Structures are given as C-alpha cells and as structure tokens.
Amino acid sequence: MCHAPHACRTVLGLRLPRECGGPDRGEDSFGVNGEDQENWGERGVCRTADPDELFVDGAAQNRAKALCTGCPVRTECLAHALDHRIEHGIWGGMTERERRALLRRRPTVTSWRRLLETARAEYGRQSMTYQEPSEGASQAG
C-alpha cells in the first residue's frame, strides 16, 4: 500500500490508483461488481472538499471528521473503507486509527457494508416503533 496521502486522494479518495491498492483488473471503481457499482461518492458531502483536508494528521483530523457529520452516504463510505482496508484519510467519519481499532475488535466481519446497512435498517425500524406511540398520544389530546 502507498503511504503517501497525496497519491491516494484521486477523486477524493474514492478511486484509488493501482499503486495504492485500487482496482487493476478493469472492474468498476470499487474493484467489484454488483451493488458497489452505485456511485455513492457523488452524493458525499466531501465531494467538493479539498482532498488535502481529508488526508491530514493530528488535530486536523477532527475538522475533517466534522465534514462527515450529516453526510447522506456516511455509512456507505465507512463500509467501503473497512471492506477495502483503506489505510489513509477520513472515511465515514473515522480516522485510520479508529478504523484499525474497529477491525481488530470485530475480526470476523466479512462484509462491513452488509453489517452497517443491517444496523441502519434496524435503527430505522426501532425509531419508527418509538415514534408511533407518541404520535397516537398527540392525536388523542
């Protein structure tokens, strides 16, 4: 893997050059076929950011992570970085160190995308369950 962040930031880090571990077999930008062909990166808040702001060290990482707050594709971004073991930059609101720690804590996860999408769906179902009683109470009063 490349250890030069400037080399890994082409297209905001969404398409890694071959020398940085990116696709080298003529596949799509994620190196696989199927659902990952969806171009979620085009909907990312960071698509208009200066890539140098996303590949930073130290305290500047907190500023970069703040960019991810409220991003509509934060889950997809994080899953992509975890599934592809991307070592550099802020992805899905997590630093390299945070992602490495998460990978160490959950070594048996085979698809972070599936895990995070399932968790997001379950959270949505639980949110709806908790909202329903309060909606009924407000209509009764």
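Shown above is the structure to which this text applies.
Keep in mind the model is a prediction, meaning the values are calculated, not measured. (Residues numbered from 1 in each chain as written. Predicted model: local features only at pLDDT ≥ 70, side-chain atom pairs only at ≥ 80, totals over all residues. Heavy atoms only, no water.)

J.: Help me understand unusual backbone geometry, please; the structure alone is not making it clear to me.
T.: When glycine is set aside, most residues are seen to have a negative phi, and most peptide bonds are trans. In this structure, Arg 85 is a non-glycine residue whose phi angle is positive, near 50°. A relative accessible area of 41% places Arg 85 in the partly exposed class. (Buried < 20%, exposed > 50% of the residue type's maximum accessible area, 1.4 Å probe, protein only.)

J.: Any chance you could explain the environment of Thr 69 here in plain terms?
T.: Position of Thr 69 relative to the elements: it lies in the loop between helix H2 (60–68) and helix H3 (74–83). Using a relative accessible area of 58% as the deciding quantity, one classes Thr 69 as exposed. (Helix = DSSP H or I, 4+ residues; strand = E, 2+ residues; numbered from the N terminus.)

J.: Hey, could you run me through the nonpolar core in this one?
T.: Here is a general trend for soluble globular proteins: nonpolar side chains tend to be buried in one another's company. Formed by Trp 40, Leu 54, Phe 55, Cys 71, Val 73, Cys 77, Ala 81, Ile 86 and Trp 91, the largest nonpolar core amounts to nine residues. Leu 82, Met 94, Val 109 and Trp 112 belong to the second-largest nonpolar core, a separate cluster that totals seven residues. (Core = buried A, V, L, I, M, F, W, Y, C linked by side-chain atoms within 4.5 Å.)

J.: Just to check I follow, could you spell out a positive patch on the surface for this structure?
T.: Taken together, the side chains of Arg 97, Arg 100, Arg 104 and Arg 105 present a region of like positive charge at the surface. Residue position: Arg 100 is located in helix H4 (residues 96–105). A relative accessible area of 43% means that Arg 100 is categorised as partly exposed. (Patch = residues over 30% accessible without salt bridge, like charges linked within 9 Å, V, L, I, M, F, W, Y side chains within 5 Å. Areas by Shrake-Rupley, 256 points an atom, 1.4 Å probe, with all protein chains shown as cover. Salt bridge = Lys/Arg side-chain N within 4 Å of Asp/Glu carboxyl O. Lys, Arg positive; Asp, Glu negative; His and termini not counted. Charge placed at Lys NZ, Arg CZ, Asp CG, Glu CD.)

J.: Can you walk me through the pattern of salt bridges in this structure?
T.: Counted according to the given criterion, the structure contains four salt bridges. The closest approach of N and O atoms between Glu 98 and Lys 65, which form a salt bridge, is 2.7 Å. With Glu 98 in helix H4 and Lys 65 in helix H2, the pair connects residues that are 33 residues apart, well separated along the chain. Accessibility expressed as a relative area gives 28% for Glu 98, which makes it partly exposed.

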